[in-house]
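Inside the fold
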Amino acid sequence: MLGLILGSGLSACADSFADRTVVPFGKLPHFPSATIPGPSGSLIIGDFEGVPSIAIQGRLHLYEGYSAAEAAFHTRVLGCLGILRLIVTNAAGGVNPAFRPGDLMLITDHINLTGSNPLTGPNLHALGPRFPDMSEAYDPAMRAIAHKVAREKGIELREGIYIGLAGPSYETPAEIRMCRKLGADAVGMSTIPEVIVANHMGIRVLAISCITNMAAGILPGKLTHEEVVRMAESASA
Ligand code: HPA
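Predicted model only: the values in this text are computed from it and were never measured.

Some remarks on the overall build of the protein
- If you tally the helices and strands in the protein, you get six helices and nine strands.
- In summary, the protein has a C-alpha radius of gyration of 17 Å against a globular reference of 18 Å for 237 residues, a match within 12%.
- Across its three principal directions, the C-alpha atoms of the protein cover 45 × 40 × 40 Å.
- When each of the 237 residues of the protein is scored for burial, the buried share is 47%.
- Across the protein, every contact between residues at least 6 apart in sequence was considered, and the portion connecting residues at least 24 apart equals 79%.
- Summed over all atoms, the accessible surface of the protein reaches about 11,400 Å², with 58% contributed by carbon and sulfur.
- Across the protein, 18 positive and 21 negative side-chain charges occur, with their mean positions spaced 3 Å apart.

Some points on the site of the ligand
- If you check the shell around the ligand, you find A91, A92, G93, Y170, E171, V187, G188, M189, T212, N213, L223 and V228 and nothing else.
- A distance of 2.7 Å separates a nitrogen atom of the ligand from a polar atom in the side chain of N213.
- Summarising the interface, the protein chains cover 95% of the accessible area of the ligand, which totals 260 Å² for the free molecule.
- Those elements giving two or more residues to the shell around the ligand turn out to be β5 (85-94), β8 (186-188) and β9 (204-214).
- The biggest single contributor to the shell around the ligand is β5, with three residues.
- Partitioning the shell around the ligand into residue classes produces seven nonpolar, four polar and one charged.

Quick notes on the rules
Residues numbered from 1 in each chain as written. Predicted model: local features only at pLDDT ≥ 70, side-chain atom pairs only at ≥ 80, totals over all residues. Heavy atoms only, no water. Helix = DSSP H or I, 4+ residues; strand = E, 2+ residues; numbered from the N terminus. Rg over C-alpha atoms; globule rule 2.2 N^0.38 Å. Buried < 20%, exposed > 50% of the residue type's maximum accessible area, 1.4 Å probe, protein only. Contact = heavy atoms within 4.5 Å. Areas by Shrake-Rupley, 256 points an atom, 1.4 Å probe, with all protein chains shown as cover. Lys, Arg positive; Asp, Glu negative; His and termini not counted. Charge placed at Lys NZ, Arg CZ, Asp CG, Glu CD. Near = heavy atom within 4 Å. Polar contact = N/O pair within 3.5 Å; in protein donor to acceptor, adjacent residues only side chain to side chain. Nonpolar A, V, L, I, M, F, W, Y, C, P; charged D, E, K, R; others polar.

If you want it as structure tokens, here you go:
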């Protein structure tokens, strides 16, 4: 079974699942409640291109006030439901100056600059080891398949390192210069807790960033959430 965690503006693919069952988070025990107005999100169970799948529409973010463990709770539920592979998408700012808004970037590795880790605290041995390996956090075999499919479909697929910060303020130009020096290609406010928890549980991860904007200071002009959502929606298909 495949799990999917779909980023802002990128959740349309779960709408095309065959034999869909949609379960609003509000109906599920222990699911953290939404802190922002609007639908709080749902679990979508169905058949995605012939693969039994469960998708999360409406992930939780650190900037909403959730702990890293709370932000990764959905991933643990997917793992306990039996997913072996997880596809994560997100909206991200381009730090690599060769990128352009609308680009898709396969994440090869990440830098956790959120200041938190979802595995902090007593280890749940039933889920995974105390000190999980993160040396292939983004599964090389799944990445190779993604490149092959992108080539076949004529989709340009970039590759790079995602740096995760807690937000919710966008980064300053000085912070983005630091991110570049640290080796990041894209910056965002999600994904890190989920990927750490998935690796802890032995779930293989594929992650794709939609570059919705160039990060602060790379191009003149200011960043807006509206621009981010608009670009994600136009790249969603
Ligand atoms: N910074 C952080 N998170 C983001 C950005 C950004 O520029 N764009 C989309 N998510």
